[in-house]
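An overview of the molecular structure
Residues per chain are reported as follows:
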Amino acid sequence: MLATLFAALLQEFSETTAANVEEGKHSISLIFDDRNDSMRLVGELQPLRDNDVPQDPFEVAALERAMQGEAYTVVEKVQGKWAYRRSVPLSNFHPACGMCHTNFGPVNPDQWVGALMLRVPVVD
């Protein structure tokens with residue numbers, strides 16, 4: 001799942017140019033649709049939509065760690081069902097990042113900007 005998501009992001013990044021930034025933003029929003037709680041992008045740096053901020057205690061803790069470059073993983077009950085949850089820290093690693101997030105500045109893979117949140121149901 002993680003490899004597939006990153007492949008989709010990298011493909012979108014490779015297609016994003018200064019001339020089509022708005023289309024790139026739209027494409028990323030389609031991949032990380034607000035109705036899909038199995039995979040989300042979460043951060044604290046603008047631009048943010050309402051769904052781009054932590055939604056529960058796991059995401060709060062995960063984002064704190066991500067902003068230090070640390071991943072976070074737990075297995076816990078979410079809405080009464082067991083889930084494997086993982087966060088992957090994201091950095092300003094690609095020129096396309098700064099095209100949409102102009103406040104990020106130039107490419108800097110040491111600048112942590114948010115996290116990819118994954119949630120996979122666990123059958124009990």
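Data block above holds the structure.
Residues numbered from 1 in each chain as written. Predicted model: local features only at pLDDT ≥ 70, side-chain atom pairs only at ≥ 80, totals over all residues. Heavy atoms only, no water.

**Observations concerning the overall build of the chain**
When helices and strands are counted, the chain shows four helices and four strands. Helices and strands appear in the chain in the N-to-C order α-α-β-α-β-β-α-β. Seen through its C-alpha atoms, the chain measures out along the principal axes to roughly 50 × 25 × 25 Å. Sorting the 124 residues of the chain into buried and exposed places 35% on the buried side. Looking at the chain alone, contacts between residues at least 24 apart form 53% of all its contacts between residues at least 6 apart. Within the chain, one finds 10 positive and 17 negative side-chain charges whose respective centroids are separated by 7 Å. (Helix = DSSP H or I, 4+ residues; strand = E, 2+ residues; numbered from the N terminus. Buried < 20%, exposed > 50% of the residue type's maximum accessible area, 1.4 Å probe, protein only. Contact = heavy atoms within 4.5 Å. Lys, Arg positive; Asp, Glu negative; His and termini not counted. Charge placed at Lys NZ, Arg CZ, Asp CG, Glu CD.)

**Here we look at the sheet that holds strand β3 (residues 81–92)**
Spatial ordering of the open sheet is given by β1-β4-β3-β2, a layout of four strands whose pairing is antiparallel. The sheet is open, and its two borders are formed by β1 (39–43) and β2 (72–78), each paired with just one other strand. Ignoring which end each strand starts from, the neighbouring axes of this sheet average 30 degrees apart. As judged from the 10 bridges shared by β3 and strand β4 (residues 108–121), these two strands associate in the antiparallel manner. Residue pairing across strands places Asn92 opposite Asn108, the latter belonging to β4. Across the sheet, helix α1 (residues 2–15) lies against β1, β3 and β4, angled at about 130 degrees from β4, the strand it touches most. (Pairing = 2+ DSSP bridges. Axes fitted to C-alpha atoms, helices over the stretch in contact; angles between N-to-C directions.)

**A word on unusual backbone geometry**
The backbone phi angle of Gln79 is positive, close to 50 degrees, even though this residue is not glycine. Relative to the elements of secondary structure, Gln79 occurs in the loop between β2 and β3.

**Some words on the side chain of His94**
Assignment of secondary structure puts His94 in the loop between β3 and α4 (95–100). Here the side chain of His94 touches Ala96 through a polar contact of 3.0 Å, landing on its backbone nitrogen. If sequence neighbours within four positions are ignored, His94 has contacts with Phe13 and Val107. (Polar contact = N/O pair within 3.5 Å; in protein donor to acceptor, adjacent residues only side chain to side chain.)

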